[in-house]
Each structure stands twice: as C-alpha cells, then as structure tokens.
Amino acid sequence: MKITVIGSGYVGTTTALVLSNLGHEVIGYDVDTLKVKMLNNGILPFREPGLDQLLQEKLKSGRIIFTSDSRFAITQSEILMISVGTPSTLSGNADLTYIQQVIEVIATHINEPKVVVTKSTVPIGTNRWMQQQLEARIDTNKYPIEVVSNPEFLREGSALHDSYHPSRTVIGGEVNSAIEKVKQLYSSLQTSYFICNYETAEMIKYASNGFLAVKISYINEIARLADVVGADIDGVAVGMGMDPRISPHHLHAGIGYGGSCFPKDVDELLYLATQKKINLRLLKQGKHINDSQIAWFVQKVESLLPLKGKRVLVLGVTFKEDTDDQRESPGIRLIEHLLDRGVDEIRVIDPTVTSLDQIRWSKDLLDREKKRVNIFTNEDEAATGVHAVVLTTTWPQFSTYPWQKWVGLTESPYLFDGRNFLNPQEMRRFGWHYVGIARGVT
Ligand SMILES: NC(=O)c1ccc[n+]([C@@H]2O[C@H](COP(=O)([O-])OP(=O)(O)OC[C@H]3O[C@@H](n4cnc5c(N)ncnc54)[C@H](O)[C@@H]3O)[C@@H](O)[C@H]2O)c1
C-alpha cells in the first residue's frame, strides 16, 4: 500500500520505517526541512536503538523517501497517517495546532479518496471533529475521506520492538472499509485488534497512560512508607508483581515518571474531566505524588548531606535510558531542585549530552544558575572532588562505571541512587555511603 506518514519525529519515523519494512511504499513528510534532509541522508535526528540501521537499509532499497513537499506528500498516497506532536498548553489541554495544519494541507491537496489515520495522541472527540473539519473543506462526493483513530503505544528506547510486537492494535472508526484498510497495513504483524468507535479508541490511549502513571505513583508512595519502616521496595514490587492481576511492569520505585507522554496525557485527562465537571481524584493524586517525588528525594539527600556550597555529580538528563528525549525529564527537574538548594556546582554526565546548550530546562533559569552547571564527558574528572553523586537515569553504562576507583576521587563518598539501579551491597563494599529509595534494612 502507499502510505504517507505526516510528522517525522520519534513516532512518525519509527512508524514510517516499520511500514516500509513490512513491504509498503512509504513517504515521510515533515515541515522541518533540516530533519527531512538529515533523514534522506541516512542520519536519524534523534536516538533510538536499531532505527538508524533500518533507515539506511530502507533508503538504499528505495522504499522510503522523506519530503517537505506537501503536495507530493498528500497526492501520492491513499493512506495518510498523522503522527505530529500534540504537546500540552499551559492550561494542560493538548495543543492541536499541528493537527489543524495537517487538516488544511490535506484539504488543499486532496486528489483522490483517502483514509486518514490518526496515530498522534489526541483528546477524546478529536477524530470526529477532524472528520467534520475535512468534510467541511472537501467535496466528499468527488473525494470521499475517512478518518480512523489508531493510537500508538510504542515506548521510546524500544520503539522498534514495540512496533513489531504490539500489545494490541486499537482501531476506532465509523466506516468498515476504512477500518479494514488500516488492518491491511499491519496484516504481516501478529497482533490482536480491538475495533471500536472514535471516542473509545481515544480514551483507551489516555486511560492506559493515566493508569500506568498512577501505578508508578502508587509504588512511589508505598516507597515513602517502606523507607521509614525498613521494607525493601524492590522486593515488595517483585512480590506484588508475581500476582498476574498486578503484573511487575511499572512498579519500579524512583524519582518519578517523565517523558513526552505520561505527564501530558495525565494533564489532558484532568483538563477534560474538569471541563466535564468530573473529579478524577485518583489521577489528580497520582500527578501530585509524581510532582512531589523529587522534592521528597532531595529532602532525603539533604537530611544526610546539607547541599549548600556542595559539588554534586548528576548521572543522566534524559527521561529514561536509550533515548535522547529530555521532555519532562526528572533528572533535569532534580538539577533545578539542587540549584534551588544552593549547590555550588553541578556536574552532569549523560551519554547523549556534550554541551550545556543541549539541556532542555523545564523552567527559565538565570544565567548565573546555568553557570553552576557543567557537562563532563571524562568520568574521572567528573568524580574528582565531588561531595555526592546522584543517579537519575538508568543508562546501562552507569552500572559499569569505575565505582571502586571513584570513591577515592570524591570529597565525600555519598551516592544517592534515584532509580535503585546500583547494587547497594557492592557500592557499600567499595566504600560508598549508598542511599537508594527504600532499599530495606541492611
Ligand atoms: N514519543 C512517544 O514515545 C510516543 C508514544 C506514543 C504516542 N505518542 C504520540 O505521538 C505523537 C507524536 O509524538 P513524537 O514524540 O513523535 O513527537 P515529535 O515532536 O518527536 O515529532 C513530531 C513531528 O511532527 C512534525 N510536524 C509538526 N507540525 C507538522 C505539520 N503541520 N506537518 C508535518 N509535520 C509536522 C514536527 O516537525 C516533528 O518532527 C504525539 O501525539 C505523542 O503524544 C508519542
């Protein structure tokens, strides 16, 4: 089938390459000409394991091309798949500016019947609204157009695996022939389909992310209690997760969730609920716990090591490992908290960051605050003379850092593990004063 994927970000590029690999003819369309140029030259504009190799393979095979030419992008394919961003506005609702732009571009260039597939996460009611918007702009007797909701569930860092092995494929729509076309796209994948109306499909995506966010906040809140009563929260999570009704996923205590999806999708659900005068108390509390988790952790740090005037090494600024995505990153928020507490110097190591201007701050920082942050690429230089190391992201390479050697380089060997990633016994044997999140009585 001929498919144009509109938006070549994390989701769009992955989806375009996977569909191309499944045998379809794919055009990737993006308004960002620099991104398009990079992609056509075989350079992935972001980091995602395995995707750069697939990009090069598919470009060589000639089964994919990237373009910023909207006419070409819209006229060449019968399936138009939308994967543009839907970021939060300041009020918490999703900003549909990019979706609106795509509607205009489709209406301008439509040349044949089309199926429009929405992969972007859009508020409940959006797909129906998109159908109406398109019908209002297009002569649908000449060019019938059908919008189908097909929310995406991939995770950054394992995007390829998730695309080839979807937990489910949700398709929301009104017209069977359009739904069948979307099923055909994935006919060579093993997946279970759930077919429903627009609103149900949209709600499945938000309710899933809301549930996972609350699950993380649940274990983090239990961790606060476990911390004071001496229970090992990782053991608690393992024991809980052995119950198939609970499952072990998203039960890892830490400094909270971040990234481009959970915070924004929780905000959108809460916004919608407020509009509809429904009080989503559980979700609200889940968000509140997450928002306060870093302050709780920093307080724990400060109870052992007053932070004013100290030098602290922070490991990780991406919101998780194996991605360069810093959107809503807990590591960055933690750095901002440390600056507020008067830390003299913050040193940062992250495999995806080599200079300060690559850090995406979550709030406006004054220049003098930024001057207190330095990026290091040399591990030994970074550890020399620090009063504490704080781990915020579970990059695999952090587990093999020269921890034993580092102890001797520090000013004081405090190690605060915000992800319960390192082995406490081993770290203590090396001489670290290791503190994790509720790691039990040792
Ligand atoms: N990133 C994830 O892990 C993930 C997972 C599931 C769902 N989603 C959802 O998928 C959507 C995309 O997320 P993302 O992380 O890929 O975003 P992204 O910011 O990485 O990519 C969006 C792309 O859309 C392009 N774009 C903006 N306006 C455009 C227009 N008018 N025409 C063509 N291109 C345009 C941008 O230039 C950008 O390259 C969002 O709704 C998000 O919530 C994301």
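Calculation rules
- Residues numbered from 1 in each chain as written.
- Predicted model: local features only at pLDDT ≥ 70, side-chain atom pairs only at ≥ 80, totals over all residues.
- Heavy atoms only, no water.
- Near = heavy atom within 4 Å.
- Polar contact = N/O pair within 3.5 Å; in protein donor to acceptor, adjacent residues only side chain to side chain.
- Areas by Shrake-Rupley, 256 points an atom, 1.4 Å probe, with all protein chains shown as cover.
- Helix = DSSP H or I, 4+ residues; strand = E, 2+ residues; numbered from the N terminus.
- Nonpolar A, V, L, I, M, F, W, Y, C, P; charged D, E, K, R; others polar.
- Salt bridge = Lys/Arg side-chain N within 4 Å of Asp/Glu carboxyl O.
- Buried < 20%, exposed > 50% of the residue type's maximum accessible area, 1.4 Å probe, protein only.
- Core = buried A, V, L, I, M, F, W, Y, C linked by side-chain atoms within 4.5 Å.
- Contact = heavy atoms within 4.5 Å.
- 1 Å grid on protein atoms, 1.4 Å probe; cavity = no way out; pocket = protein on both sides within 12 Å on 5 of 7 lines; lining within 4 Å.
- Points joined across faces, edges and corners; volume = space filled by probe spheres on them.
- Pairing = 2+ DSSP bridges.
- Right-handed = clockwise from strand over helix to strand, strands pointing away.
- Axes fitted to C-alpha atoms, helices over the stretch in contact; angles between N-to-C directions.
- Arc of directions from axis to C-beta.
- Domains from an automatic or database assignment.
- Buried area = accessible area lost by both parts, 1.4 Å probe.
- Patch = residues over 30% accessible without salt bridge, like charges linked within 9 Å, V, L, I, M, F, W, Y side chains within 5 Å.

**Points about the site of the ligand**
- Surveying the vicinity of the ligand reveals 28 residues, the closest of which are Asp30, Lys35, Thr86, Glu156 and Lys264.
- Contact distances for the ligand include 2.6 Å between an oxygen atom and a side-chain N or O atom of Asp30.
- Between the ligand and the protein, one listed contact pairs a nitrogen atom with a side-chain N or O atom of Gln101 at 2.9 Å.
- Computed on the free molecule, the ligand has an accessible area of 840 Å², of which 90% lies beneath the protein chains in the complex.
- Looking at the shell around the ligand, the elements that each hand over two or more residues are α1 (10–21) and α5 (97–109).
- Per-element tally for the shell around the ligand: the top contributor is α5, with 3 residues.
- In terms of residue class, the shell around the ligand is built from 10 nonpolar, 10 polar and 8 charged.

**Some words on the pattern of salt bridges**
- Going through the model one piece at a time under the given rule, you end up with 21 salt bridges.
- One salt bridge connects Glu112 with Lys114, and the closest N-O pair in it is separated by 3.0 Å.
- The partly exposed category is assigned to Glu112, whose relative accessible area is 26%.
- The class of Lys114 is buried, set by a relative accessible area of 3%.

**Considering the nonpolar core**
- Formed by 39 residues in total, the largest nonpolar core has its most connected members in Phe297, Leu334, Ile335, Leu338, Ile346, Phe416 and Ile437.
- Discounting chain neighbours no more than four positions away, the residues touching Phe297 are Ile255, Leu334, Val390, Phe416, Asp417, Gly418 and Ile437.
- Among the nonpolar cores identified, the runner-up in size contains 30 residues, and Leu19, Val26, Val36 and Val148 belong to it.

**Re the layout of surface pockets**
- For the second largest pocket, the calculated volume is near 160 Å³.
- Met203, Ala207, Gly210, Phe211, Leu269, Leu272, Ala273, Lys276, Ile278, Leu280 and Leu283 are the residues that line the second largest pocket.
- The set of elements that each furnish at least two residues to the lining of the second largest pocket consists of α9 (198–229) and α11 (262–275).
- Counting residues per element, the lining of the second largest pocket draws most heavily on α9, at 4 residues.
- A breakdown of the residues in the lining of the second largest pocket according to their chemical character gives 9 nonpolar, 1 polar and 1 charged.

**Description of the pairing of strand β7 (residues 169–172)**
- Burial along β7 is two-sided: Thr169 and Ile171 and Val170 and Gly172, pointing in opposite directions, are all buried.
- When β7 meets strand β8 (residues 193–196), the two strands line up parallel, connected through 4 bridges. Note on β8: the bridge partner recorded for Gly172 is Cys196.
- Regarding topology, helix α8 (residues 176–185) serves as the crossover connection from β7 to the parallel β8, and that connection is right-handed.

**Description of the sheet that holds strand β14 (residues 433–435)**
- An order of β11-β10-β9-β12-β13-β14 is seen for the 6 strands of this open sheet, with the pairing classed as parallel. Two strands bound the open sheet, and with one partner strand each, they are β11 (373–375) and β14. In this sheet, neighbouring strand axes are inclined to one another by 20° on average, regardless of whether the strands run parallel or antiparallel.
- Note: strand β10 (residues 345–349) against β11, 3 bridges, orientation parallel.

**Quick notes on α8**
- Along α8, the residues classified as buried are Ala178, Ile179, Val182 and Leu185. Seen along its axis, α8 keeps its buried residues to an arc of 105°; they face one direction. Along α8, exposed side chains directed more than 90 degrees from the buried face belong to Asn176 and Ser177.

**Details of the domain arrangement of the protein**
- Assigned domains within the protein: domain 1 (2–196) and domain 2 (300–435).
- Relative placement of domain 1 and domain 2: their C-alpha centres are 38 Å apart.
- Across the boundary between the two partners, domain 1 contributes 9 residues, which contact 10 residues of domain 2.
- At the boundary of domain 1 with domain 2, total buried surface from both sides reaches about 680 Å², with 40% on carbon and sulfur atoms.
- Among the residues of domain 1 in contact with domain 2, Tyr10, Arg47 and Glu156 are the three that bury the most area, contributing 78% of the side total.
- Inspection of the region where domain 1 meets domain 2 yields 1 salt bridge.
- Residue Arg327 is joined to Glu156 by a salt bridge in which the shortest nitrogen-to-oxygen separation is 3.6 Å.
- For the interface between domain 1 and domain 2, the tally reads 4 residue pairs in polar contact (both at pLDDT 80 or more).
- Among the residues making up the side of domain 1 that touches domain 2, the classes are represented as 4 nonpolar, 1 polar and 4 charged.

**Quick word on a nonpolar patch on the surface**
- A surface patch of nonpolar side chains, about 330 Å² in accessible area, is lined by Leu225, Val228 and Val229.
- Examined against the element boundaries, Val228 turns out to sit in helix α9.
- Given a relative accessible area of 67%, Val228 falls into the exposed group.

**Some words on unusual backbone geometry**
- Phi at Lys277 takes a positive value of approximately 60°, unusual for a residue other than glycine.
- Within the fold, Lys277 resides in the loop between α11 and α12 (281–304).
- The exposure class assigned to Lys277 is exposed, which follows from its relative accessible area of 75%.
- Look at Ala438: it is not a glycine, yet its phi comes out positive at around 50°.
- Residue position: Ala438 is located in the segment after β14.

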